[in-house]
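# Results of the structural survey
Chain by chain, the residues:
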Amino acid sequence: MSIRFDGRVAIVTGAGNGLGRAHAHALAARGAKVVVNDFGGARDGSGGSMTAAETVVEEIRAAGGIAMADGADVSNFEQVKAMVEMTKAEWGSVDLLCANAGILRDKSFAKMELADFAKVIDVHLNGTFYCCKAVWDGMRERNYGRIVLTTSSSGLYGNFGQANYAAAKTGMIGLMNVLAAEGRKTDIRVNTISPTAATRMTEELLPPQALQLLKPESITPAVLYLLSAEAPTRTIIGAGAGSFAVVRLMESEGLNLPEAEWTPDAIAARFSEISEMSQARALDGAFQQTEKYVTQAAARLAKG
């Protein structure tokens, strides 16, 4: 059965260009009413204009879809709340949120100014929190919601010159983990996309041959799946150039040491055992790690 969004209302942030534009078009094509949000600033977050968002809305309407533009700056909670209230007044609800807006201010850590770190955190991490916060109560009241956050391989694996961006993007994973847990009882499913695509944020970072393969439209199928009624929750999907993968944070089985060996020397001596990954697994929550360690300690004590 084809995934459809008829009767659903979606907000896509950063939808004036690149990934967000592709997501907005695809949602509208499958029946969603779409708020095309874009502050319209430059790649570093400066400036601001409604032109990009309005252009995408015109494209969607020309194709027979339903959309409206919004210029809220996601790092401004009052503007985000106003966007959500406008959407509810026009269409009654917000069922789907794709938090995609972002900026870049790349510099090596030694050269990075405090303002560049703070601004990237504000737009990516705080802005995502603001958007989730603004739609959360409505989703809880209706016992339905789908939220997709946007992380990056820079946060998951690291990338030179992106301490600010990577910190913000890794923060998405912690936010997803908690919101997914808190949203389960009211069928709010929260997932994360880790995209690699040719956009204005990556055009100077990748060679032309790679950019040709990394179309933004190659990411969108995963985003639409994560926004669908059939979506999982607390899942990270990596996507790019038509490849799709699930990303998980894994923990080794580890080793429980007797108190006499609670020393850095013992850890150094047995680090190969501690870091052995053959029995590594993903944990379902913070307390599962605590239970694991307590169980291991109790088992060792029981052996005498």
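A few points on the structure. (Residues numbered from 1 in each chain as written. Predicted model: local features only at pLDDT ≥ 70, side-chain atom pairs only at ≥ 80, totals over all residues. Heavy atoms only, no water.)

For the rest of this paragraph, the subject is the overall build of the chain. A count of helices and strands for the chain gives eleven helices and ten strands. Over its C-alpha trace the chain gives a radius of gyration of 21 Å, about what one expects of a compact globule, namely 19 Å for 304 residues. Along the three orthogonal principal directions, the C-alpha set of the chain runs to about 75 × 45 × 35 Å. For the chain, buried positions account for 44% of its 304 residues. Restricting to contacts in the chain with at least 6 residues of sequence separation, those with at least 24 account for 69%. Summing over all exposed atoms, the chain offers an accessible surface of approximately 15300 Å²; the carbon and sulfur share of this is 55%. Of the charged side chains in the chain, 30 are positive and 33 negative; the average position of the first set lies 4 Å away from that of the second. (Helix = DSSP H or I, 4+ residues; strand = E, 2+ residues; numbered from the N terminus. Rg over C-alpha atoms; globule rule 2.2 N^0.38 Å. Buried < 20%, exposed > 50% of the residue type's maximum accessible area, 1.4 Å probe, protein only. Contact = heavy atoms within 4.5 Å. Areas by Shrake-Rupley, 256 points an atom, 1.4 Å probe, with all protein chains shown as cover. Lys, Arg positive; Asp, Glu negative; His and termini not counted. Charge placed at Lys NZ, Arg CZ, Asp CG, Glu CD.)

Judged by nonpolar contacts, the single largest core of 36 residues is most densely connected at Ile11, Leu97, Val135, Ile147, Leu149 and Val190. Contributing elements (two or more residues each) for this core: strand 1 (9-12), helix 3 (77-91), helix 4 (114-142), strand 5 (145-150), helix 6 (163-183) and strand 6 (188-195). Per-element tally for this core: the top contributor is helix 4, with eight residues. Each residue touching Ile147, except ones within four places of it in the same chain, is listed here: Leu97, Cys132, Val135, Trp136, Met139, Ile188, Arg189, Val190, Asn191 and Leu227. Judged by nonpolar contacts, the second largest core, of 31 residues, contains Val56, Cys98, Ile219 and Leu224. (Core = buried A, V, L, I, M, F, W, Y, C linked by side-chain atoms within 4.5 Å.)

If you check helix 11 (residues 286-302), its first and last C-alpha atoms are 25 Å apart, about what 17 residues at 1.5 Å a residue would give, namely 24 Å. Positive phi appears at Gly304, one or two residues downstream of helix 11, with a value of about 80°. (Expected span 1.5 Å × (residues − 1).)

Assignment of secondary structure puts Ser154 in helix 5 (residues 153-157). The class for Ser154 is buried, based on a relative accessible area of 7%. With near-sequence residues (within four places) excluded, Ser154 lies in contact with Asn159, Gln162, Tyr165 and Ala166.

So, on to the side chain of Asp38. Tracing the chain through its elements places Asp38 in the loop between strand 2 (33-37) and helix 2 (51-62). At a separation of 3.5 Å, a polar atom in the side chain of Asp38 contacts the main-chain amide nitrogen of Ala15. A distance of 2.7 Å separates a polar side-chain atom of Asp38 from the backbone nitrogen of Gly16. The contact partners of Asp38, leaving out residues within four places of it in the chain, are Gly14, Ala15, Gly16, Asn17, Ser49, Ala53, Asp70 and Gly71. (Polar contact = N/O pair within 3.5 Å; in protein donor to acceptor, adjacent residues only side chain to side chain.)

Taking 1.5 Å as the rise per residue, helix 2 with twelve residues should run 16 Å; its terminal C-alpha atoms sit 16 Å apart, in good agreement. Among the residues making up helix 2, those that are buried are Ala53, Val56, Val57 and Ile60. Viewed end-on, helix 2 has its buried residues packed into an arc of 100°, placing them on one side of the element. In helix 2, the exposed residues that point more than 90 degrees away from the buried face are Glu58 and Ala62. Here the buried face of helix 2 lies against helix 1 (18-29), strand 2 and strand 3 (66-70). (Arc of directions from axis to C-beta.)

Even without being a glycine, Asn143 presents a positive backbone phi close to 55°. Along the chain, Asn143 falls in the loop between helix 4 and strand 5. Judged by its relative accessible area of 44%, Asn143 is partly exposed. The backbone of Asp187 sits at a positive phi, close to 55°, despite the residue not being glycine. Following the sequence through the fold, Asp187 ends up in the loop between helix 6 and strand 6.

Before going further, it helps to examine the packing of helix 1 against helix 2. Closest axis-to-axis distance for the helix 1/helix 2 pair is 10 Å, and the angle between their directions is 25°. Looking at the two axes, helix 1 sits roughly parallel to helix 2. Crossing of helix 1 over helix 2 shows right-handed handedness. Residues Arg21, Ala24, His25 and Ala28 of helix 1 pack against Val56, Glu59 and Ile60 of helix 2. Looking at the contact of helix 1 with helix 2 residue by residue, the classes come out as four nonpolar, one polar and two charged. (Axes fitted to C-alpha atoms, helices over the stretch in contact; angles between N-to-C directions. Parallel < 35°, antiparallel > 145°, perpendicular 65-115°, else oblique. Left-handed = near helix turned anticlockwise from the far one by under 90°. Nonpolar A, V, L, I, M, F, W, Y, C, P; charged D, E, K, R; others polar.)

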